[in-house]
Amino acid sequence: MDWLVKVGGSLFLEDAAELCRALVGTSSMVVCGGGVLANTLRNYDAKFHFSDTANHKSAIMCMDILGTLVADRVEGAEAVQSLEDAKKLVDVGKLPVLLPSKLLEYLDPLEHSWRVTSDSISFYISDLLKAKLLIATDVDGIYTREPSLDGAKLIKNISAKKLLNFGETSVDEFLPELLLQHKSQCYIVNGKHPERVLSLIEGKSVLHTLIGGY
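Residues numbered from 1 in each chain as written. Predicted model: local features only at pLDDT ≥ 70, side-chain atom pairs only at ≥ 80, totals over all residues. Heavy atoms only, no water.

Draft legend 1. Main features of a nonpolar patch on the surface. A cluster of nonpolar side chains, namely Phe12, Val36, Leu37, Ile65 and Leu69, defines an oily patch on the protein surface of about 410 Å² accessible area. Mapped onto the nonpolar patch, the elements with two or more residues apiece are helix H2 (35-48) and helix H3 (52-72). Examined against the element boundaries, isoleucine 65 turns out to sit in helix H3. (Patch = residues over 30% accessible without salt bridge, like charges linked within 9 Å, V, L, I, M, F, W, Y side chains within 5 Å. Areas by Shrake-Rupley, 256 points an atom, 1.4 Å probe, with all protein chains shown as cover. Salt bridge = Lys/Arg side-chain N within 4 Å of Asp/Glu carboxyl O. Helix = DSSP H or I, 4+ residues; strand = E, 2+ residues; numbered from the N terminus.)

Structure below.
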């Protein structure tokens, strides 16, 4: 398996499904973000103050739910709960959509906090697979400031070390720390344009941000 594509919850449902249709047969696996379900959970937590572990596990179950629904809409895609089953699907030209709660219940490798979201979880899984990580979201990459503001410019390359103190971006707070620990990298690209994701996978030049683990 060459790529793990994290499909952001901001793309749910039709953009996510269209992207996954394009990924069938590409030696890739998909992990879906928790999207509006995870955001609702955050709002509940702000009001009711659940434990970090309860929030962490519940947010991962949100990823399971959206992954199940996306896979249901894509011919050639199938929801799976193990890396072994994912590899079997890739071998026959299908697209596995990993539902990560079972795997992460067993391994439980990451801190339980809102600093860790589906971005960091996807990197952890990609590292297990020795696959490249591509995060598909609803913007072109990481910008010098909020993309909707005047003067915002896309950053083509940024170090994970610099990103640590960059403020809020399109990836979670913990991801740069993981990239530094593992001396790895990941790509951020606009998933509303499946052709860009495919071009990046094929090694072609497209709008994106590369975060380097240095």
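Draft legend 2. Empty space enclosed by the protein, seen in detail. One pass over the structure, following the stated rule, counts one cavity of 30 Å³ or more. Quantified by volume, the largest cavity comes out at close to 30 Å³. Along the walls of the largest cavity sit Val7, Gly8, Gly9, Phe12, Ala16, Cys32, Gly33, Leu66 and Val70, which together make up its complete lining. (1 Å grid on protein atoms, 1.4 Å probe; cavity = no way out; pocket = protein on both sides within 12 Å on 5 of 7 lines; lining within 4 Å. Points joined across faces, edges and corners; volume = space filled by probe spheres on them.)

Draft legend 3. Local environment of the layout of surface pockets. For the largest pocket, the calculated volume is near 1200 Å³. Lining the largest pocket are 48 residues, and of these Asp119, Thr169, Ser170, Val171 and Asp172 sit closest to its centre. Top contributing element to the lining of the largest pocket by residue count: H3, with six residues. When grouped by side-chain class, the residues that make up the lining of the largest pocket number 17 nonpolar, 19 polar and 12 charged. (Nonpolar A, V, L, I, M, F, W, Y, C, P; charged D, E, K, R; others polar.)

Draft legend 4. Region of interest: the pattern of salt bridges. As enumerated under the stated definition, the model contains eight salt bridges in all. The network of salt bridges with common partners includes Glu111, Arg115, Glu173 and Glu177.

Draft legend 5. Just the side chain of serine 159, in detail. Mapped onto the elements, serine 159 comes out in strand S8 (residues 157-159). For serine 159, a relative accessible area of 15% corresponds to the buried category. At 3.0 Å, the side chain of serine 159 and the backbone nitrogen of lysine 162 are in polar contact. Not counting residues up to four positions away in its chain, the partners in contact with serine 159 are Ile211, Gly212 and Tyr214. (Buried < 20%, exposed > 50% of the residue type's maximum accessible area, 1.4 Å probe, protein only. Polar contact = N/O pair within 3.5 Å; in protein donor to acceptor, adjacent residues only side chain to side chain. Contact = heavy atoms within 4.5 Å.)

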